[in-house]
Amino acid sequence: MQTTNMTRFFPRFQGHVSSYWLNKQISACVRDNDIKKARELFDEYPDSRNVVSWNSLINCYIKSRKLSEAQCLFDEMPQRDVVSWNTMLSGFRDVQNPEKAYNCFLKMMKHGYDPDELTFSVVITTFLNPEHRILIPQLHALVVRLGFNLNSYLGSALMRAYVSLGDRQGFLRVFDEIPVKDVAPYNVLILGYIESGLIDEAKKVFEKMPMKNSHTWSTMINGYMKNKMINEARDLFQRLEIKDVVSWTAMIRGFAQCDKFVEALEIFLRMMRTQTRPNRYTFSCIIDACAGSSSLVIGVQLHSWILKVGMIPHDIILSTSLVDMYAKCGEMESASMVFTSIPNKNLASWNSIIGGYARNGLASEALHQFDTMVRYGVLPDEVSFINVLSACVHGGMVKEGEELFNSMKAEYGVQAEMEHYSCMVDLYGRAGELRKAEDLINSMPFEPDVVVWGALLGACGLYSSPKMGQIAAIELAKVEKDHPAIYNALMKIYSNDTVAFRVPHLESMMRTWQQRKQKAGSWIESPA
């Protein structure tokens, strides 16, 4: 009888194998990402398991983005160690679930397990969003109280946290307190200066660094791109002798962020000619470039490639990028199919599909997805409300828009910002409820911007309201002088009214603007 390789190496008989042998086999399965075989081994030899066996299988689930299975296995563990807790914390960090990470850390402390440097590094880098900023100095104080020395790994994590808080003195102080520095703290120092708007200081650190790695180069490239210094980024990239996937991805992302979508696609093709294999971040960036340039043909090809290498549906970042790409290309059926295939949807995923329906004029579908998201227990954020209010604008759904706007603070604790007020003014204006729009503007807790006044002025042009239109035009001119919307709307308001002659120099101003007006353009992609 012919036998498989596995049965030759571990025959299926009643007996006992050593924990060392079992852990070695499970670890091999983890490296190969063979979660099925790892589980078979784990279940077949229950008497040979030790804490390492449990940790290895939990790690295998986490690498496969199966957090629910990992959590169940963790809950069943007869004995845990600090590695067990660190593994779960890393999983929550990787799927961007700070609430579960926070609760896991509290349980770890409550059950008497002493955290180590890795624990704090993982936990600190989990809380890099503004909602958890209060935890950063508390965790830093706990690190000091427990007497941990700031090694490069823990020190870099703390620096990164203070960078996210915009605390320049904080990350500089931590950098000075790291006794032995390798490349990691210097990389975060460069990032900190970039985030603080000090690109020249970042450049000085970069040039003086004793050693650099690919992350160093990509961080500096990202800094130049963030400051729209495309030529500097390109020159730095050319200086790099060995270009790896990290540096190529930095250039692709930078071009996409600068709205240079064609250049992003070209640099991706150059990367492929060097036989550099793209990773999930590369795919996500190039898909964003396809979305920005409405390059559906290339986007579909990339989607097929991603399916072949097996990165989705469990990679939520890639899947969300695909949803956004299809939506911006007007392919909502494809966007919906990708969204439905995502097993563990996060807020970004929901925002992408809601925003997609809103942009494509499918207001009812956008509101339905919003309601579904809330029913599943995912709380909306500022972006969620911008998307769903935009859907109401396009669908003329005034009542629904009012209810959503009023529920922001009352039900979800989300403070209305300028864009939310802009949506509501636009919603009222398009519905002809100009008085409501004006009252809302007068009640705003901050000064209206050009978009708010522009929305009201456009509505006045639509419904021929000279008095309110003049007020909106004057306020818009205060915010942005010679804005073209002023002259377009006023000419529309007064086109059939002799009162136009009472507006000083209106016709001459319109002629002046016409001379400056840019020619329109459009982008058409050919499948050929």
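Each chain has its residues counted from 1, following the order in which its sequence is written. The predicted nature of this model means local features are confined to residues of pLDDT at least 70 and side-chain atom pairs, given and counted, to a pLDDT of 80 or more, with totals for whole chains, interfaces and linings taken over all residues. In computing side-chain properties, one takes all heavy atoms of the structure into account and sets aside hydrogens as well as water.

Asks: I would appreciate a short explanation of the overall build of the protein chain in the present structure.
Replies: Labels follow the DSSP assignment, with helices taken as runs of H or I lasting at least four residues and strands as runs of E lasting at least two, numbered in each case from the N terminus. Across its full length, the protein chain carries 31 helices and 0 strands. Buried positions account for 46% of the 528 residues belonging to the protein chain. When contacts within the protein chain are restricted to residue pairs at least 6 apart in sequence, long-range pairs at least 24 apart make up 59% of them. Only carbon and sulfur atoms are counted for the fraction: they give 52% of the accessible area of the protein chain, which is about 27800 Å². A 1.4 Å probe rolled over the protein chains alone gives each residue an accessible area, and that area as a share of the maximum for its type sets the label: buried under 20%, exposed over 50%, partly exposed in between. Only heavy atoms matter for contacts: two residues are in contact if any of them lie within 4.5 Å across the pair. Computed with a 1.4 Å probe, the accessible areas rest on the Shrake-Rupley method; for each residue, only the protein chains presented here act as cover.

Asks: Quick question: what am I supposed to make of helix 13 (residues 199-208) here?
Replies: Three- or four-residue spacings in an α-helix give side chains the same orientation, since the helix completes a turn every 3.6 residues. Listing the buried residues of helix 13 in full gives Ile-199, Ala-202, Val-205 and Phe-206. End-on view of helix 13: buried residues confined to an arc of 120°, all on one side of the axis. In helix 13, the exposed positions angled more than 90 degrees off the buried face are occupied by Asp-200 and Lys-208. Note: the arc covers the axis-to-C-beta directions of the helix.

Asks: Could you clarify how one ought to interpret the pattern of salt bridges in this entry?
Replies: Where charged atoms from two side chains of opposite charge approach closely, those side chains can pair. For this analysis, a salt bridge means a side-chain nitrogen from Lys or Arg found within 4 Å of a carboxyl oxygen belonging to Asp or Glu. One pass over the full model with this rule turns up 15 salt bridges. One salt bridge connects Asp-43 with Arg-39, and the closest N-O pair in it is separated by 3.2 Å. With a gap of 4 residues between them, Asp-43 and Arg-39 both fall in helix 3 (residues 35-44), about one helical turn apart. When its relative accessible area of 41% is taken as the criterion, Asp-43 is described as partly exposed. Arg-39 sits in the partly exposed class, given a relative accessible area of 25%. The salt bridge involving Lys-328 is made with Asp-324; its shortest N-O contact spans 3.2 Å. Separated by 4 residues within a single helix, Lys-328 and Asp-324 lie in helix 20 (residues 316-328), roughly one turn from each other. Since its relative accessible area comes to 15%, Asp-324 is described here as buried. One salt-bridge network, held together by shared partners, links Arg-39, Asp-43 and Arg-49.

Asks: Is there a simple way to think about helix 4 (residues 51-63) in this case?
Replies: Multiply 1.5 Å by the residue count of a helix minus one, and that product is the helix's expected span. Over its 13 residues, helix 4 runs 18 Å from end to end, which matches the ideal 18 Å to within 8%, given 1.5 Å per residue. Tucked into the core, helix 4 has its buried residues touching helix 2 (19-31), helix 3, helix 5 (67-76) and helix 6 (82-94). Residues adjacent in sequence count toward polar contacts only when both atoms are side-chain atoms; beyond that, a polar contact is any pair of N or O atoms within 3.5 Å, and within protein one must be able to donate a hydrogen and the other to accept it. If you check the start of helix 4, you find a side-chain oxygen 3.1 Å away from the backbone N of Val-52, and it comes from Asn-50. One or two positions beyond helix 4, positive phi appears at Arg-65, with a value near 60°.

Asks: Where do I start with unusual backbone geometry in this structure?
Replies: If a residue is not glycine, its phi is most likely negative; likewise, a peptide bond is most likely trans. One non-glycine residue with positive phi stands out, namely Asn-33, at about 60°. Its location among the elements puts Asn-33 in the loop between helix 2 and helix 3. Unusually for a residue other than glycine, Gln-275 sits at a positive phi of about 65°. By secondary structure assignment, the location of Gln-275 is in the loop between helix 17 (261-273) and helix 18 (280-293).

Asks: It is not clear to me how the packing of helix 20 against helix 21 (residues 332-341) should be interpreted in this structure. Could you clarify?
Replies: The relative placement of two packed helices is expressed as an angle between their axes plus a distance between the axes. In this description, a line fitted to the C-alpha atoms serves as the axis of each element, helices being fitted only across the stretch in contact, and the angle between N-to-C directions of two axes falls anywhere from 0 to 180 degrees. Packing of helix 20 against helix 21 brings their axes to within 7 Å, and their N-to-C directions diverge by 165°. Judged by the angle between their axes, helix 20 and helix 21 are roughly antiparallel. Two packed elements cross with a definite hand, and for helix 20 against helix 21 that hand is left-handed. Taken together, the residues of helix 21 that come into contact with helix 20 (itself represented by Ser-319, Leu-322, Val-323, Tyr-326 and Ala-327) are Met-332, Ser-334, Ala-335, Val-338 and Phe-339. Tallied by class, the residues present in the contact of helix 20 with helix 21 amount to 8 nonpolar, 2 polar and no charged. Each angle gets one of four labels, with under 35 degrees taken as roughly parallel, over 145 as roughly antiparallel, 65 to 115 as roughly perpendicular, and the rest as oblique. Each crossing is labelled by how the near helix is turned from the far one, with a counterclockwise turn of less than a right angle marking it left-handed and a clockwise turn marking it right-handed. In the scheme used here, Gly and all other residues not listed as nonpolar or charged are polar, with Ala, Val, Leu, Ile, Met, Phe, Trp, Tyr, Cys and Pro taken as nonpolar and Asp, Glu, Lys and Arg as charged.

Asks: What exactly am I supposed to notice about the packing of helix 19 (residues 296-309) against helix 20 here?
Replies: Running from amino to carboxyl end, helix 19 crosses helix 20 at an angle of 155°, the nearest separation of the two axes being 11 Å. Looking at the two axes, helix 19 sits roughly antiparallel to helix 20. Handedness of the helix 19/helix 20 crossing: left-handed. Residues Leu-296, Gly-299, Val-300, His-303 and Ile-306 of helix 19 form the contact with helix 20, whose participating residues are Leu-318, Leu-322, Met-325 and Tyr-326. A class-by-class count of the residues in the contact of helix 19 with helix 20 yields 7 nonpolar, 2 polar and no charged.

This is a description of form; function is not addressed.
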